[in-house]
Amino acid sequence: MSSDANTPVLRNCIRLPLAEDELLEVTGKAKDYAIMHGAAMRSKTAFSPDSLNFAPFVLVPSSFPRKEFEKAVVLQPIINRLMHNVAHDEEFITTTLAETIKVDDSNAIRHSLHRCATKNDFESKKTSLGMLRSDLMLESGCPELSPRALRMAAGEDGGQDAGAAVGQIAGAVGAAGVGTAAGTGSKEEEEQKENREVQLSRATKEPERRATGAQSAYCCWKQVEINTIASGFGHLGPASKTIQRNVFMINHSYKRCSSRLLPRAYSIGLLRSDYMAHVSEGCAIKQVEINTVASSFAGIATQLVPQQKFVLSELGHADKLHNMPDNNALAGLCDGMVKAWDIYAKPQAVILFIIEDVSYNICDQRFHEFYIRETYPHIKVLRRTLTEVHREGKLGQSKELLLGSQEVAVIYFRAGYEPGHYHSQAEWDARYLMETSLAIKCPSIHYHLAGTKKVQQALAQPAVLERFINDPEEIKAVGKIFTGLYSLDDNEAGNASYEMALRTPERFVLKPQREGGGNNVYGVDIPDALKRMSRVERSAWILMDLIHPPLTKGYMVRPGGDMPPQIVDMVSELGIFGVVIGDAEHIVHNYQAGHMLRTKLSTANEGGVAAGLGALDSPYLIDSDDEDEQK
């Protein structure tokens, strides 16, 4: 991630630096608070199932423009619906991935297709659960009208707190999404729709209000990409390209098989859309990715808000707490899983978490399990690896998934997105067993494929969005969050993108059809990577404009790090969680479900929390017309 002396800096929530004695005391308290409240993970370098380290965190919350946060919240139900529609369009998925499929090794493909052909007698109700995260980064350099004035002009209470404002917006959009599915057409729903259109108008027409001029740190966001799988930590080691291709093609053939045999498919998506801001386009947020599998951090992010509020209070800034929006991400996602369990309608059935052989991010996982058990004590949660599912699992007479004598209603994948999770054919057999069962998958194969980078690149085209979104204002709003995305297929457009990347590699990031972090190629390393690929191989990658977000300054606290910590330049990525449930024709639940913020060193390309380059954080909402907040 590059920055220079001209990169705008967002105003801090409090004045820094802190006095050293005060910094030492409050940092020690924050570390203990994190451990005692579960904002922790197991060490990779000194692993023990009996010990934890606090997860890296930013001491005080990082500033984020209120207007852009609220815009991201408003857009999430639209993103949910978009991904739901994409996942249920087999023709689009197949056509979009046609060139990418050619790269994948034939042995895995043949085996998978053989399994499909020989097991063509199964029929089941196919309901899938997808957990996504929408990631955004801020883009600076945008003189703009006051977002506070915009809110007051719309009749909103200028003095209301951030959580209430966002709750009203999210409630209006979420209700509109559910109302559309139900088709009630009540007066209340008409008012909600009208309110939603006002919010969308702000999101789409505000750039027309902007004047040209000097860059500003108070900016709007752009979505960087969409992930439908592996939205967790990026610490899993990259596997070979051959294994990557096998993973992709086996999943593709599963989906083709299932869609032919199971014409009516319900799906449940728990999503996270991630965004960063971009300084080069006048304050436009860009989407980083959308996650539909293992959308992590909801548990720890929920705990981090009270932790950072505690720190601000200890520093004498309790008057600023209202600028930190409430975060109910854990409840939002877990309630989504329970809604899926309700749809399955078997009171004795369980929810199954698919986990890695060794779980480092244990607290985030256990928060989900314990929330369900405490809030819904009649629902049992099991944790199993793919290997254990192969050993214990089988299909019943009605194609229900059985682990021993226990029937599984919902499968929540916290593993299975990384090639290294499949040690042998046994793990693939376990995945196939689950895919062909009645259990509701989170995610199902069709959600998995909908989240590939190739699909994201296709969706960045306005004509493609029109296939999945009917409302012109929604199309404009979603289109504005995409950054430049380019195909590298062996055709005229792909060859032009290839030459463009060789000429100006510093403008781009090269992305494979992989999730989980650590797989991208940046800047000057791109030419060598491309030259090592054949024309066919490069079709499995996409080229994306590099995002240049504004800076924040703060203290990043890590296990074993410097004490006192030093002030560093940082950039942030906002994640918005969403839940969507329905089939190809109807959506029955669609809502925004909380948020998270990951912050990394401004010099880092990848922001893995476990790798020491990134840290967990929360947004502190600011307005461009705020008076001096650093008192």
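Not measured: the values here are computed from a predicted model. (Residues numbered from 1 in each chain as written. Predicted model: local features only at pLDDT ≥ 70, side-chain atom pairs only at ≥ 80, totals over all residues. Heavy atoms only, no water.)

Focus on the UniProt feature "binding site: Mg(2+)" (unreviewed entry) in the chain
Then, in step 1: Taking the UniProt record as the reference, the feature "binding site: Mg(2+)" (unreviewed entry) is found at Glu289, Asn291 and Glu515.
Then, in step 2: Among the secondary structure elements, Glu289 is positioned in strand S8 (residues 284–291).
Then, in step 3: Within the element layout of this structure, Asn291 appears in strand S8.
Then, in step 4: The class of Asn291 is buried, set by a relative accessible area of 0%. (UniProt positions renumbered as here; feature names shortened; annotations may be inferred. Helix = DSSP H or I, 4+ residues; strand = E, 2+ residues; numbered from the N terminus. Buried < 20%, exposed > 50% of the residue type's maximum accessible area, 1.4 Å probe, protein only.)

Describing the environment of Arg431
Then, in step 1: Mapped onto the fold, Arg431 is located in helix H14 (residues 425–435).
Then, in step 2: Using a relative accessible area of 2% as the deciding quantity, one classes Arg431 as buried.

Quick word on the packing of helix H11 (residues 329–344) against helix H12 (residues 362–375)
Then, in step 1: Two numbers describe how H11 lies on H12: the axes approach to 10 Å, and their chain directions differ by 65°. H12 is crossed by H11, and the crossing has right-handed handedness. Touching Leu330, Ala331, Leu333, Cys334, Asp335, Met337 and Val338 of H11 are Phe367, His368, Tyr371 and Ile372, all from H12. (Axes fitted to C-alpha atoms, helices over the stretch in contact; angles between N-to-C directions. Left-handed = near helix turned anticlockwise from the far one by under 90°. Contact = heavy atoms within 4.5 Å.)

Describing the pattern of salt bridges
Then, in step 1: Counted by the stated rule, this structure contains 20 salt bridges.
Then, in step 2: Across the salt bridge formed by Glu25 and Lys29, the nearest N and O atoms sit 3.6 Å from each other. In this pair, Glu25 and Lys29 both sit in helix H1 (residues 20–36), 4 residues apart, roughly one turn of the helix.
Then, in step 3: We note a salt bridge from Asp326 to Lys309, for which the minimum N-O separation is 3.6 Å. Of the two residues, Asp326 is situated in the loop between helix H10 (298–314) and H11 and Lys309 in helix H10; the sequence distance between them amounts to 17 residues.
Then, in step 4: Residue Asp326 is classed as exposed on the basis of its relative accessible area, which comes to 54%.
Then, in step 5: Taken together, the salt bridges that share partners define one network made up of Arg272, Asp274, Glu573 and Arg598. (Salt bridge = Lys/Arg side-chain N within 4 Å of Asp/Glu carboxyl O.)

Here we look at the packing of H10 against H12
Then, in step 1: Between H10 and H12, the shortest axis-to-axis distance is 7 Å and the interhelical angle comes to 90°. Taken together, the axes of H10 and H12 are roughly perpendicular relative to one another. On H12, the residues that touch Ala298, Gly299, Ile300 and Gln303 of H10 are Asp364, Phe367 and His368.
Then, in step 2: The residue inventory of the contact of H10 with H12, partitioned by class, reads 3 nonpolar, 3 polar and 1 charged. (Parallel < 35°, antiparallel > 145°, perpendicular 65-115°, else oblique. Nonpolar A, V, L, I, M, F, W, Y, C, P; charged D, E, K, R; others polar.)

A word on the side chain of Asp364
Then, in step 1: By secondary structure assignment, the location of Asp364 is in helix H12.
Then, in step 2: Aside from chain neighbours lying at most four places away, what touches Asp364 is Ser296, Phe297, Ala298, Gly299, Ile300 and Arg414.

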